[in-house]
Amino acid sequence: MKMSLFCLTCNKETPVGVDQKVDFEDGGVYRYRCKNEHEISTYLDKTKPEILFEIGLRAFVDGYYRESIATFTSALERSFELYIELRAIHEGRAEFFPKFWKLVTNQSERQLGAFAYAWFQAHGAPFEELDEAMTALRNRSIHKGQFTSKAEAEKYGSYVYCIINKIFASLISDLGERDAQDLMNTKFEQIHLSACKILGLEKVPGTRMSTAIDLKNLEKLGARKFEEVAETIQLFKANFKDF
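First things first, this report covers the structure right here in the doc. (Residues numbered from 1 in each chain as written. Predicted model: local features only at pLDDT ≥ 70, side-chain atom pairs only at ≥ 80, totals over all residues. Heavy atoms only, no water.)

Some details on the nonpolar core
Link 1 in the chain: In terms of nonpolar packing, the biggest core is built from 57 residues, with Phe53, Phe168 and Leu215 touching the most fellow members.
Link 2 in the chain: Of all the secondary-structure elements, those providing two or more residues to this core are helix 2 (48-61), helix 3 (65-90), helix 4 (97-102), helix 5 (108-123), helix 6 (132-142), helix 7 (150-175), helix 8 (177-199) and helix 9 (226-239).
Link 3 in the chain: Val22, Tyr30, Tyr32 and Ile51 belong to the second largest nonpolar core, which has 12 residues in total. (Core = buried A, V, L, I, M, F, W, Y, C linked by side-chain atoms within 4.5 Å. Buried < 20%, exposed > 50% of the residue type's maximum accessible area, 1.4 Å probe, protein only. Helix = DSSP H or I, 4+ residues; strand = E, 2+ residues; numbered from the N terminus.)

What to know about the layout of surface pockets
Link 1 in the chain: In this model, the second largest pocket occupies a volume close to 790 Å³.
Link 2 in the chain: In this structure, the second largest pocket is lined by 30 residues; those nearest its centre are Asp26, Gly27, Lys48, Lys187 and Ile191.
Link 3 in the chain: If you list the elements that add at least two residues to the lining of the second largest pocket, you get strand 3 (29-33), strand 4 (39-44), helix 2, helix 3, helix 4 and helix 8.
Link 4 in the chain: Broken down by element, the residue count for the lining of the second largest pocket peaks at six residues, all from helix 8. (1 Å grid on protein atoms, 1.4 Å probe; cavity = no way out; pocket = protein on both sides within 12 Å on 5 of 7 lines; lining within 4 Å. Points joined across faces, edges and corners; volume = space filled by probe spheres on them.)

Quick look at the packing of aromatic side chains
Link 1 in the chain: Counted under the stated rule, the structure contains 16 aromatic pairs.
Link 2 in the chain: Both rings, one in Tyr156 and one in Tyr159, keep their centres 5.8 Å apart while their planes meet at 50 degrees; by these two values the pair is tilted. Of the two residues, Tyr156 and Tyr159 both sit in helix 7, three residues apart, roughly one turn of that helix. Assigned by exposure class, Tyr156 and Tyr159 land together as buried.
Link 3 in the chain: Cluster of aromatic residues (ring-pair linked, three or more members): Phe53, Phe60, Tyr65, Phe72, Tyr161 and Phe226. (Phe/Tyr/Trp six-rings, centres within 6.5 Å; stacked < 30°, edge-to-face > 60°.)

What follows is the structure, encoded as structure tokens:
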């Protein structure tokens, strides 16, 4: 899957603008020259869970069902990580998070355990949304190479979609809508500052992309069902050949 980057200079010169298809970069930072030879520096103003879930959704719509399950799983795991980081920021312990995460970064089971404890500490009750049947489906698909049907991929995608929405929507019930969004925006500012450091600039224009999970609008999480967001992707593909 590729993403479209639009040249801000070209956009000022023509209503249509000029876009360029690029591969996703892990650091989210992009340097490129547009078709009209303008030098562009930008970053993707999104978190890993948002991007990964969108890639999984596109894979599902395109009929790559096994691949969609693998990517949905990555989106869920990065949601665990982001939730723990947000709790650390909220509790004034953000500086210790990188060192802590390094201890669990190579083992999914440890990451799940860290998330389960962070959730229990915040809510006084265990996180009960994880489904053993879905875990078994994931393991058969990813680790045993089982071919996945559309129905299975749709069920798994919907399952992950609901969990991610629940994780981040919980910040509103815990902190209130305004404070929860402020906390989330702190993370987005960190993403911006990281891009500035990489590019050696004081300020970098961000690139936004529409995603099924939008953490800049926490209050709208879960407003649409998985089937609805998948249908939206299908409609775009039908109307825009380069989508």
